[in-house]
Amino acid sequence: QCTTTDLEKVAKLPHLRTLYLRGCKITDQDLNCLGSIKELALLDLGGCNRLTKDSLLTIKNIKSLQFLKLPDQLDTEEFHLILLSSRPRLKFDLP
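Now for a description of the structure that goes with this document. Just so it is clear, the model here is predicted, and its values are computed rather than measured. (Residues numbered from 1 in each chain as written. Predicted model: local features only at pLDDT ≥ 70, side-chain atom pairs only at ≥ 80, totals over all residues. Heavy atoms only, no water.)

Along helix H4 (residues 77-86), the residues that are buried comprise Phe79, His80 and Leu83. Down the axis of H4, the buried set is contained in an arc of 105°. They therefore lie on one face. The exposed set on the far side of H4, more than 90 degrees from its buried face, consists of Glu77, Glu78, Leu81 and Ser85. Looking at the buried residues of H4, the elements they touch are helix H3 (55-60) and strand E3 (67-69). (Buried < 20%, exposed > 50% of the residue type's maximum accessible area, 1.4 Å probe, protein only. Helix = DSSP H or I, 4+ residues; strand = E, 2+ residues; numbered from the N terminus. Arc of directions from axis to C-beta. Contact = heavy atoms within 4.5 Å.)

Enumeration according to the criterion identifies two salt bridges in this entry. Notably, a salt bridge pairs Asp44 with Arg22, separated by 3.1 Å at the nearest N-O pair. With a gap of 22 residues between them, Asp44 in strand E2 (residues 42-44) and Arg22 in the loop between strand E1 (18-20) and helix H2 (28-31) connect regions that are remote in the sequence. For Asp44, a relative accessible area of 2% puts it in the buried group. Here Asp75 ties to Lys69 by a salt bridge, and the two come within 3.7 Å at their closest N and O atoms. (Salt bridge = Lys/Arg side-chain N within 4 Å of Asp/Glu carboxyl O.)

Attention now moves to the side chain of His80. For His80, the position within the fold is in helix H4. Of the residues examined, His80 reaches a relative accessible area of 19% and is grouped as buried. Excluding its chain neighbours within four sequence positions, the residues that come into contact with His80 are Leu70, Asp75 and Phe92.

Simply put, disulfide is the name for a covalent bond between the sulfur atoms of two cysteines. This structure, assessed with the given rule, holds zero disulfides. No disulfide involves Cys2; its sulfur sits 4.7 Å from the nearest other cysteine sulfur, which is in Cys24. Left unpaired, Cys33 is separated from the closest cysteine sulfur, that of Cys2, by 8.4 Å. According to the relative accessible area criterion, Cys33 is partly exposed, its value standing at 22%. (Disulfide = S-S within 2.5 Å.)

Set out below in structure tokens:
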């Protein structure tokens, strides 16, 4: 299981490009530290059922993000449009 401490350590990896957190019991607050990863291109949050729409602000701030898998509760057209407004090339299917 992934803890806040684990994510803080991961966030210190500036050249990290891919991060799979599928099924982790992380919260919006846990996700905040990921905004500092400058080269993160793929983020898989599928099954992270504790995340809410508040996590979208953190996701929008990850400028390098190209591919994103959202958890089911956030994988809606409304949230896609919110994210696409700041990240027009973002893809919601993983390669």
